[in-house]
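Structure at a glance
Single-letter residue listing:
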Protein chains: 2
Amino acid sequence: MFDCIIVGSGLAAISAALTLKANAKSFLMIGEKNLSDKISKAEEIHNYPAFLGVSGTAFAELLKTQLENEEIVVTQGRVNGVYAMKEKFAVTTQDGGMYESKTVILACGVESGKRIKGEQEFLGRGVSYCATCDGALYKNKKIAVVCLAKKFEHEAKYLSEIAEKTYLFPLYKGLDLSGEKIEKIIKMPSEIVGEKRVKGVLYEEKGEAKHLNVDGVFILKEGLPPDSIAFGVETDGVSVKTDRRMQTNLKGCFACGDITGRPYQYAKAVGEGNVAAHSVVEYLNEK
Amino acid sequence: MFDCIIVGSGLAAISAALTLKANAKSFLMIGEKNLSDKISKAEEIHNYPAFLGVSGTAFAELLKTQLENEEIVVTQGRVNGVYAMKEKFAVTTQDGGMYESKTVILACGVESGKRIKGEQEFLGRGVSYCATCDGALYKNKKIAVVCLAKKFEHEAKYLSEIAEKTYLFPLYKGLDLSGEKIEKIIKMPSEIVGEKRVKGVLYEEKGEAKHLNVDGVFILKEGLPPDSIAFGVETDGVSVKTDRRMQTNLKGCFACGDITGRPYQYAKAVGEGNVAAHSVVEYLNEK
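The written sequence of each chain sets the order in which its residues are numbered from 1. Following the order in which they are written, the chains are lettered starting with A and the ligands numbered starting with 1. Local features in a predicted model are, by the rule used here, given only for residues with pLDDT of at least 70; side-chain atom pairs are given and counted only at 80 or more, and totals for whole chains, interfaces and linings are based on all residues.

Brief notes about the interface of chain A and chain B
At the junction of the two partners, chain A supplies 29 residues and chain B supplies 29 residues. Each helix is a run of DSSP H or I of at least 4 residues and each strand a run of E of at least 2, with the numbering of both proceeding from the N terminus. For the side of chain A that touches chain B, the secondary-structure elements that each account for two or more residues are α1 (11–22), α3 (56–69) and α7 (266–286) of chain A. Among the elements that make up the side of chain A that touches chain B, the one with the highest residue count is α7(A) (eight residues). For the side of chain A that touches chain B, the residue count by class is 15 nonpolar, eleven polar and three charged. The contact criterion used here is simple: two residues whose C-beta atoms, placed from the backbone, lie within 7 Å are in contact. Note that Gly is not counted as nonpolar here; it falls among the polar residues with everything else outside the nonpolar set of Ala, Val, Leu, Ile, Met, Phe, Trp, Tyr, Cys and Pro and the charged set of Asp, Glu, Lys and Arg.

Quick look at the pairing of strand β13 (residues 191–194) of chain A
Residue and element names in this part refer to chain A. Sheet topology note: the β13/strand β14 (residues 198–205) ladder contains four bridges and is antiparallel. Looking across to β14, one finds that Gly194 is bridged to Val198. At least two bridges found by DSSP between two strands is the condition for calling them paired. Here β13 hands over to β14 after three residues, the two strands then running antiparallel side by side.

Some details on the domain arrangement of chain A
Residues and elements named next belong to chain A. Domains assigned within chain A are domain 1 (2–112 + 223–286) and domain 2 (127–220). Note that the domain bounds reflect an automated or database-derived domain assignment. Taking only C-alpha atoms, the centre of domain 1 and the centre of domain 2 are 30 Å apart. Taken together, the contact between domain 1 and domain 2 spans six residues of the former and five residues of the latter. The residue inventory of the side of domain 1 that touches domain 2, partitioned by class, reads one nonpolar, four polar and one charged.

A few points about the relation of the copies chain A and chain B
The transformation that overlays chain A on chain B combines an axial shift of 0.0 Å with a rotation of 180 degrees, and the residual RMSD is 0.0 Å. On the angle and the small slide along the axis, the relation comes out as a two-fold axis. Distance from the rotation axis, computed per C-alpha, reaches its smallest value in chain A at A:Gly271: 2.0 Å. Residue by residue, 100% of the interface of chain A is reproduced at the interface of chain B, so both copies engage with the same surface. The fit set for superposing copies consists of C-alpha atoms from residues with pLDDT of at least 70 in both; the fit itself is least squares.

Here's the deal with the sheet that holds strand β16 (residues 216–220) of chain A
Residues and elements named next belong to chain A. On the basis of which strands lie adjacent, the open sheet formed by five strands has the order β9-β16-β10-β11-β12 and parallel pairing. Of all strands in the sheet, those bounded by a partner on one side alone are β9 (127–128) and β12 (182–184). Summarising the sheet, strand β10 (residues 142–147) and strand β11 (residues 165–170) pair through six bridges and their orientation is parallel. Within the sheet, the bridge partner assigned to Ile143 lies in β11 and is Thr166.

Some points on the confidence of the model for chain A
Any residue range with low pLDDT should be treated as having predicted coordinates unsuitable for detailed reading. As a per-residue measure, pLDDT tells how confident the predictor is, with possible values from 0 to 100. For chain A, the mean per-residue pLDDT works out to 94, and 100% of the residues sit at or above 70. We note a pTM of 0.90 for the whole complex and an ipTM of 0.87 for its interfaces.

Description of the sheet that holds strand β15 (residues 208–213) of chain A
All names here are of chain A. Ordered by their spatial adjacency, three strands build an open sheet running β13-β14-β15, and the pairing between neighbours is antiparallel. Every interior strand has two partners, whereas the edge strands, β13 and β15, have only one. Within the sheet, the average angular offset between the axes of one strand and its neighbour, ignoring direction, is 30 degrees. Whenever a helix is involved, its axis is fitted only over the stretch in contact; in every case the axis is a line through C-alpha atoms, and angles between N-to-C directions fall within 0 to 180 degrees.

Next comes the structure, spelled out in structure tokens:
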């Protein structure tokens, strides 16, 4: 069992990892081996102390070298479940991984895009964020797939092969996916409707409301609602609530970086990651 | 009137300054032109993301270059008073400077040394942290001077020239100050005593309590109790209390870095400085 699992691989996660390492704690860091897109995509970084207008790409390279020097490895994966159990946590990934730890640091960034009306209400009742987890449930059924980024296109493809019919809402440019069973709709869905479970998706076209009968809605996006990952965590809109020590309402579960709210800044992420790691160390020492 | 006065020149202060600059706010940063000692004295910095084991001296040089590039100037001075007035703040320095601003960021580090019993009780009633401010009051009187660092020796010298008799408690090695009117005591004072005002200082020698009659006690140290600088600011022991936005109990007065408590880390200081500056920007925009 790990002392800590860090969910994410952005600056907050890296800051936490460096400090846990310095404190000789065992941990698993689950995210993108190539680190967060947000780092390398930054144009120029001006208000991070001691960095003199370095580019995002250069910054990302420095971080990778630092992780290598400190022998910190990112485990490639996407966490889809953090379960607070008695005295420990179980953490699951979309590809079926399952890990245990004494503490968790949520550092997986802010939820991307605006939530669709009904998204939260029907989560787990027809709405899913994970193609590999829930895809098989929709064999020969009708689904809607809302795809927010090119990087999730392969998941949309996978789903379209399982389902009888896929209504694909690509919310980015450069879609490269088509097929007999796929109908593309270049719109943002306005609502997910149903009763006990999802029954349909609405969108507007030329001022007219359109309704599609579907059994499920997959929303493929980068940042997920925090409470859809960490069950029972207290949120404030899209952000996880923490105290000044980065402790969430779940004992042993800390959060840092964009997931805790504005300002969405490197410096804030770095500071909060550091504090979260120190709080983990303190928490483990108290036990 | 400045949009903001930043009290301090450590990492929290620098981080706040960079972000205020990026947001085109006018500000004064009062501290050490040579930046905080704590930066250059660090042996090696390992858990500051994207810094690969750089030395404290190299780190300090990078910060100085960055401030120059961004045309941020540190005003040399030591703040000894922050007064919350209606809709603005008055900030005074030990050398008699007086400035006004719409907001204040306290980033002057953590109080150094343990407080002496009675220190807080008699502050302003015989206990002083400032030789130049209060020295003249002790002409031909007896004083005790507790000097915590070499850098304050010139203040001790100045006081000893005014007073009739100076009991000097040097709490560092390499004292280079003597004189007819100076009596050195290589001990830590155990208590400051008096009634309405200071009447004496106690210390222990060979298990025996010694008492010295004095009219005043000067404590010359780096980090001062936050509430002795910012009047009315709410503290929790040695730290200033803030919320997650770094707002103190005084509206428009924010705090960041070591002054807000543990962990005393560069990363935390940088993060909090950034957040404090964003809160200042938000506060100014709301007005």
